[in-house]
Amino acid sequence: MKSIFRKYSALIAISIILGILFALLGWFGLKEGQRVSLKMMERDARSLSGFLISGSQRLFNSGVFIENQIGQYMKSGVNLIKDDLTPERLNETAQKCGFCWIILIGKNLEIIQQSYCAHPEPEELLSVLPEVLTPIIHGEKVEAVFGIDPEFPFLSQPKGYALKVGDNIVVAFAGDELLSSAETKTGIGHLVREMAEEPAVKYLLLQNEEGIVFASQKVKRMSRISKDEFLLKIMDGGSPNGRLTRFEGEQVYEYARQFPKMGDFYGVLRMGFSLDEYNTILYGYKWEFIFFVVLLFFIAIFSMALIFASRKFQVVQKLSASILSNMEAVCVSVDNRGRISNLNNSGEKFWGFSADEVVNKPYEQVFPDDALCLKEVLESSRSIMGVQKELGTRSGRRVVNLSAASLGKEGAFAILEDITDILRLKDEIASREYLKTLSDLIASVAHEIRNPLNSISIASQRLMQEFDAIKENEESRGLLQTIETEVKRVDKLVRDFIGLASPIAPNKKLQSLEALLLDLQNIVELEATRMGVKAEFEWDDLPRVYYDYDSMKKALHNILKNAVEATPGGGKVKLSVHTDDSNLKITVWDNGKQISKEQLDRIFKPFVSFKEGGTGLGLFVAVQTIREHKGDIEVNSNEQFTEFIINIPIG
């Protein structure tokens with residue numbers, strides 16, 4: 001036996017040394033794998049929390065905007081009935097406008113008239129009235145909107161509007177459907193609940209010194225910030241960090257970062273991620289490691305290290321890909337060499353190309369001029385949060401909220417939230433309010449102007465007919481004719497204003513386009529010839545389409561007339577009309593004066609004109625007509641040419 005040991009002593013010693021060495025390497029490999037896995041989970045958590053904060057900011061701003069719109073909506077509803085306060089009218093308005101209760105209150109806060117109350121506890125609604133109505137009763141105010149809280153949107157109840165009418169006060173309370181619909185669609189808590197439904201996410205909550213602000217459904221109780229050093233550092237402005245902790249008896253990975261103040265929302269954002277899949281792999285590997293060390297420790301240690309490394313990165317990458325692919329926001333990441341490493345599903349839809357087309361390509365080749373600010377982040381390692389940018393995609397120009405951050409040695413990533421539709425909605429709402437106010441003003445002014453105009457016209461006609469001295473005096477007769485002509489011109493302008501204030505819905509008929517185009521050609525060629533401009537017209541064999549002949553003729557003529565007037569003598573204006581399977585495309589082109597960027601932003605607004613003597617209504621009426629035909633208009637202008645491109649759906 002001793003001879004055998006002596007014979008194989010070197011091999012045994014080497015085997016023991018190698019065994020210890022590989023055991024140590026395996027142990028260190030296990031620890032390193034844990035560290036790398038947690039690091040990658042931290043990276044994914046940072047991306048997800050950044051998206052949550054960016055989305056929360058957008059939703060909070062939307063909530064504040066809608067909160068204010070609810071106040072304006074209630075105010076408009078009450079003003080509709082201030083002249084008719086019968087119970088029938090109150091019931092009809094409450095049902096139509098989504099009010100749960102409308103009441104007419106006397107000086108002593110007694111109810112004189114009321115609608116049906118859809119609120120389960122009218123006493124709860126009445127409890128807020130003394131504080132709201134006291135300033136109105138004392139004459140300090142004539143109206144008051146109450147319950148609106150931009151610092152904590154949708155969470156203040158009840159909401160309503162009070163208006164003094166004579167000696168009494170009308171009070172309307174907003175209904176639950178009006179409030180719950182807006183809160184469900186725009187609440188930050190709703191976003192948290194949706195994100196918490198991801199399989200890998202155990203919980204999400206926002207917490208401050210006073211307690212939990214909002215949380216996912218699984219959260220019942222959590223440690224207070226004042227009793228947790230880890231959370232205190234985050235709350236005091238420390239860097240985002242992660243840790244292993246326990247939640248409902250289960251070990252989880254928790255990532256925490258400071259949540260920026262949004263009204264009354266602030267504190268520490270805490271996100272818990274499941275370690276089930278991570279622990280399953282580590283647990284299985286430990287037993288496999290022991291088994292293979294016993295049988296063939298050399299091969300076992302080496303093989304297990306490879307298996308562990310392979311499985312470890314596959315699981316983490318799968319988890320990362322799952323989170324990114326299910327995000328509604330566009331996410332693009334690059335490695336530290338500036339090559340695109342990932343593009344999620346939302347990004348493919350947004351840009352119009354697949355991830356396979358761009359992954360591993362240089363970032364600047366796909367996104368020139370550092371459109372996503374990733375080059376800047378790679379060079380400076382500084383994050384960029386909430387920058388609003390306009391980007392070009394295959395489907396057109398889109399406005400986004402852009403956030404980009406560094407991933408350290410792994411590279412950088414950018415998250416984009418498309419806010420084009422939100423901005424368009426805000427502009428449309430503002431435009432409608434502006435037009436409503438404008439129409440009321442125009443109707444009032446037009447009424448006051450037409451009466452003296454009629455008097456002036458009648459007086460000038462009588463002077464012309466009854467006084468022989470004027471009939472025989474050519475200069476006096478000319479002056480009276482000038483008065484009559486100018487009165488008619490002003491009267492026509494007033495009628496145009498009235499038409500603008502009370503637009504008539506288009507009378508669409510299925511008819512040919514060629515008659516309209518020939519009519520326009522005859523008119524515009526005469527105007528162009530008088531101005532020394534060449535006019536060209538081009539169109540295909542066009543199908544019959546539904547449109548309003550008169551309004552469309554007026555709209556196109558306004559655009560063509562502007563093009564002719566903007567083109568110097570010797571220049572050219574061209575109208576071309578083409579169709580595809582679903583759209584009618586009309587292009588008005590000229591090589592006249594360039595429209596500046598500042599002018600392009602305002603040319604479609606009413607009463608904005610950049611030519612002498614212009615009313616600023618031509619292009620405004622044109623774009624309104626095109627929108628009434630479900631179409632859109634785009635303007636391109638440079639030093640060589642200007643073109644108006646109109647697209648109207650056929651059908």
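Nothing here was measured: the structure is a model prediction, and the numbers come from that model. (Residues numbered from 1 in each chain as written. Predicted model: local features only at pLDDT ≥ 70, side-chain atom pairs only at ≥ 80, totals over all residues. Heavy atoms only, no water.)

1. So, the sheet that holds strand β2 (residues 111-114)
At step 1: In space, the five strands of this open sheet follow the order β2-β1-β5-β4-β3, with antiparallel pairing throughout. Strand pairing shows two members of the sheet lacking a second neighbour, β2 and β3 (143-146), which therefore form its edges. On average, each strand axis in the sheet is inclined to that of its neighbour by 20 degrees, with strand direction left out of account.
At step 2: Relative to strand β4 (residues 160-165), β3 runs antiparallel, the two being bridged by four bridges. (Pairing = 2+ DSSP bridges. Helix = DSSP H or I, 4+ residues; strand = E, 2+ residues; numbered from the N terminus. Axes fitted to C-alpha atoms, helices over the stretch in contact; angles between N-to-C directions.)

2. Some remarks on the sheet that holds strand β17 (residues 534-539)
At step 1: Strand order across the open sheet formed by five strands is β17-β19-β20-β22-β21, with mixed pairing between neighbours. In this open sheet, the two strands that pair with only one neighbour each are β17 and β21 (632-637). Neighbouring strand axes in the sheet, compared pairwise and without regard to direction, differ in orientation by 10 degrees on average.
At step 2: Where helix α17 (residues 514-531) meets the sheet, it contacts β17 and β19 (572-579), and its direction lies at approximately 170 degrees from that of β17.
At step 3: Here helix α18 (residues 549-566) sits on the sheet and contacts β19, β20 (583-590), β21 and β22 (642-649); the angle it forms with β20, its principal contact strand, is near 25 degrees. (Contact = heavy atoms within 4.5 Å.)

3. Comments concerning α18
Residues that lie three or four places apart on an α-helix share one face, since the helix turns once every 3.6 residues.
At step 1: When the terminal C-alpha atoms of α18 are compared, their 26 Å separation across 18 residues agrees well with the 26 Å that a helix rising 1.5 Å per residue should span.
At step 2: Buried within α18 we find Ser551, Met552, Ala555, Leu556, His557, Asn558, Ile559, Leu560, Ala563 and Val564. (Expected span 1.5 Å × (residues − 1). Buried < 20%, exposed > 50% of the residue type's maximum accessible area, 1.4 Å probe, protein only.)

4. Section: the nonpolar core
Inside soluble globular proteins, nonpolar side chains tend to come together where they are buried.
At step 1: Counting 36 residues, the largest nonpolar core has Ile559, Leu575, Phe644 and Ile646 as the members making the most contacts within it.
At step 2: In terms of residue count, α18 provides more of this core than any other element does, seven residues in total.
At step 3: The contact partners of isoleucine 646, leaving out residues within four places of it in the chain, are Leu556, Ile559, Leu584, Lys585, Ile586, Ile626, Asp632 and Ile633.
At step 4: Judged by nonpolar contacts, the second largest core, of 25 residues, contains Val334, Ile340, Leu372 and Ala414. (Core = buried A, V, L, I, M, F, W, Y, C linked by side-chain atoms within 4.5 Å.)

5. Comments concerning unusual backbone geometry
At step 1: One non-glycine residue, cysteine 373, lies in the positive phi region at around 65 degrees.
At step 2: If you trace the backbone, cysteine 373 turns up in the loop between α12 (363-366) and α13 (374-380).
At step 3: Here lysine 630, not a glycine, exhibits a phi torsion of approximately 65 degrees, which is positive.
At step 4: Take lysine 630: it is sitting in the loop between α20 (618-628) and β21.

6. A short note on the side chain of aspartate 590
At step 1: With respect to the helices and strands, the residue aspartate 590 is situated in strand β20.
At step 2: Side-chain polar atoms of aspartate 590 contact the backbone nitrogen of glycine 592, separated by 2.8 Å.
At step 3: The contacts of aspartate 590, once residues within four sequence positions are left out, are Ala563, Thr567, Lys572, Val573, Phe641 and Thr642. (Polar contact = N/O pair within 3.5 Å; in protein donor to acceptor, adjacent residues only side chain to side chain.)

7. What to know about the pairing of strand β6 (residues 201-208)
At step 1: With eight of eight residues buried, β6 is to be regarded as a mostly interior element.
At step 2: If you look at the hairpin formed by β6 and strand β7 (residues 211-215), you'll find two residues sitting between the two strands.

8. Side note on helix α3 (residues 87-97)
At step 1: Of the positions making up α3, those classed as buried are Leu90, Thr93, Ala94 and Cys97. Down the axis of α3, the smallest arc covering the buried residues is 100 degrees, so these residues share one side. Summarising the geometry of α3, the exposed residues directed more than 90 degrees from the buried face are Glu88, Gln95 and Lys96.
At step 2: Within two residues after α3, glycine 98 carries a phi angle of roughly 80 degrees, on the positive side. (Arc of directions from axis to C-beta.)

9. Concerning the pattern of salt bridges
At step 1: Evaluated as defined, the whole model comprises twelve salt bridges.
At step 2: For lysine 75, the salt bridge identified is with glutamate 143, shortest N-O distance 3.4 Å. Of the two residues, lysine 75 sits in helix α2 (residues 9-81) while glutamate 143 sits in strand β3, which places them 68 residues apart along the sequence.
At step 3: Assessed through its relative accessible area of 29%, glutamate 143 is described here as partly exposed.
At step 4: The shortest N-O distance in the salt bridge between arginine 89 and glutamate 92 comes to 3.8 Å. Of this pair, arginine 89 and glutamate 92 both sit in helix α3, three residues apart, roughly one helical turn.
At step 5: Each of the salt bridges in this network shares a partner with another, and the network as a whole consists of Asp228, Arg243, Glu254 and Arg270. (Salt bridge = Lys/Arg side-chain N within 4 Å of Asp/Glu carboxyl O.)

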